[in-house]
Amino acid sequence: MSIPIVRTFADAEAVSRAAAEEFVRRAAEAIPARGRFTVALSGGSTPRRLYQLLAGAPYRGQVDWGRVEVFWGDERSVPPDDKESNYRMAREAMLESLALSPGHINRMEAERADRDAAAREYQDDIAYAFGVDANGEPPAFDLILLGMGPDGHTASLFPHTAALGETKRWVVVNPVPQHHTERMTLTYPVLNRAREVLFLVAGADKAEPLAEVLQGPPDPQRLPSQRVRPADGQLLFFVDRAAAARLTLPTTDEG
C-alpha cells in the first residue's frame with residue numbers, strides 16, 4: 001500500500017501549475033511504454049485551472065494529445081450541458097481546444113433515468129478501452145485526479161454512503177443524502193489500482209479534514225479520502241499552504 005507524498009505550494013495557482021507538470025511527466029512516461037495515456041479527470045475549481053493550463057502554452061505542446069484517453073472519476077446527475085456537469089467544465093476548460101479523438105473522451109452519462117444501467121455500461125466502456133474483462137479485476141489508470149471536500153469526501157464517495165462498501169464494481173450510482181441527489185462515481189477497487197493518484201487540495205476550509213485524513217486515526221466512513229491508497233501505485237497530495245496549515249507530517253515545501 002502506498003505512502004502519501006505531500007508537496008506544499010504557496011497557493012492554488014502554484015498547485016495547478018505543479019499538477020500540469022505532473023500530468024505532462026506522466027503522459028511522457030505512459031505513451032512510450034503503453035502507447036497511450038489514460039487519465040480520469042475530476043471536477044472542482046482547482047482542476048479547472050489545471051485544465052486551462054494544459055490547454056495553453058507551454059503544456060499543450062508537451063503532450064501527444066492524440067494518444068490521451070480521458071475518463072471521469074465522478075459525475076453529477078445532470079445533462080452534459082448543465083453548469084454543474086464535470087464533463088462540461090472539462091470540455092470548456094480544455095477538451096474542446098485539444099485534438100483528442102471523440103472516441104477517446106469517455107463521458108459518464110449520469111443524467112440518464114436508469115443511472116444504474118449507465119454505471120454498468122461505463123464499467124463496460126472502461127473494460128473495452130483497456131481490453132480487460134468487465135467482470136474481473138479493474139485495470140490500472142495511468143493517472144487519476146482527485147479533489148477532497150471539506151467533509152473528507154473524494155470523487156462522489158461521501159461520508160456514510162453506500163458506495164464506500166463496494167468491493168467489486170468499479171462504477172456505481174451513489175445516493176448522497178447530504179445533497180439530496182445521486183451521483184455516479186468510481187469506487188475504491190479501481191481507484192486503488194491506479195499507477196498514480198494525485199489529490200489537488202487548496203483552501204483553508206480543507207486544513208482540518210486534510211490533517212485528519214493524513215494524520216488522524218482510521219475513520220474512512222467519516223473520511224472517505226483515507227481509503228484511497230493505491231496498492232502498487234504512487235499517492236500524491238499537492239496542497240497549498242492554507243490547506244496544509246494543520247499538517248505536522250513531513251512535506252516538501254515547493255515555495
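Residues numbered from 1 in each chain as written. Predicted model: local features only at pLDDT ≥ 70, side-chain atom pairs only at ≥ 80, totals over all residues. Heavy atoms only, no water.

S.K.: Please clarify how the layout of surface pockets should be interpreted in this entry.
M.R.: A probe as big as a water molecule, rolled over the atoms, marks out the empty space that is left. For the largest pocket, the calculated volume is near 590 Å³. In terms of lining residues, the largest pocket is bounded by 31 residues, among which G43, G44, S45, R76 and H153 are the most central. Those elements giving two or more residues to the lining of the largest pocket turn out to be α2 (45–54), β4 (74–76), α3 (86–93), β5 (143–146) and β8 (196–201). The element best represented in the lining of the largest pocket is α2, accounting for four residues. Its volume calculated, the second largest pocket comes out at about 270 Å³. If you trace the second largest pocket, you find 14 residues lining it, with Q123, G136, K168, R169 and W170 closest to the centre. (1 Å grid on protein atoms, 1.4 Å probe; cavity = no way out; pocket = protein on both sides within 12 Å on 5 of 7 lines; lining within 4 Å. Points joined across faces, edges and corners; volume = space filled by probe spheres on them. Helix = DSSP H or I, 4+ residues; strand = E, 2+ residues; numbered from the N terminus.)

S.K.: Whenever I open this one, the pattern of salt bridges confuses me. Can you help?
M.R.: Side-chain pairing between opposite charges can occur once the charged atoms of the two side chains come close. The tally for this structure, following the rule as stated, stands at 26 salt bridges. One salt bridge connects R169 with D116, and the closest N-O pair in it is separated by 3.1 Å. A residue pair is termed long-range when its members are at least 10 positions apart, and R169 in the loop between β5 and β6 (171–176) and D116 in helix α4 (residues 115–130) qualify at 53 residues. Assessed through its relative accessible area of 17%, R169 is described here as buried. Put simply, E137 and R193 hold a salt bridge, and the shortest N to O gap is 3.8 Å. Linking E137 in the loop between α4 and β5 with R193 in the loop between α5 (188–191) and β8, this pair joins segments that are 56 residues apart in sequence. On the accessibility criterion, R193 (34% relative accessible area) is partly exposed. (Salt bridge = Lys/Arg side-chain N within 4 Å of Asp/Glu carboxyl O. Buried < 20%, exposed > 50% of the residue type's maximum accessible area, 1.4 Å probe, protein only.)

S.K.: Which parts of the structure should I look at to understand the side chain of T154?
M.R.: Turning to its location among the elements, T154 is positioned in the loop between β5 and β6. There is a polar contact of 2.7 Å between the side chain of T154 and the backbone oxygen of G147. When neighbours within four sequence positions are excluded, T154 is seen to be in contact with L146, G147, F199, S225 and V228. (Polar contact = N/O pair within 3.5 Å; in protein donor to acceptor, adjacent residues only side chain to side chain. Contact = heavy atoms within 4.5 Å.)

S.K.: I tried to follow the packing of aromatic side chains on my own but got confused; where do I start?
M.R.: The geometry of an aromatic ring pair is captured by the separation of the ring centres together with the interplanar angle, meaning the angle of the planes. Throughout the structure, instances matching the rule amount to nine aromatic pairs. Arranged with centres 5.2 Å apart and planes meeting at 85 degrees, the rings of F71 and F141 form a pair that is edge-to-face. Of this pair, F71 sits in strand β3 (residues 68–72) while F141 sits in the loop between α4 and β5, placing them 70 residues apart in sequence. Exposure class is identical for F71 and F141. Each is buried. An aromatic cluster is present here, built from F71, Y122, F130 and F141 joined pairwise through their rings. The positively charged end of R36 is found above the aromatic ring belonging to F130, 4.9 Å away from the centroid. Between R107 and the ring centre of Y87, over which it is positioned, the NZ or CZ distance is 5.7 Å. (Phe/Tyr/Trp six-rings, centres within 6.5 Å; stacked < 30°, edge-to-face > 60°. Lys NZ or Arg CZ within 6 Å of the ring centre and 35° of its normal.)

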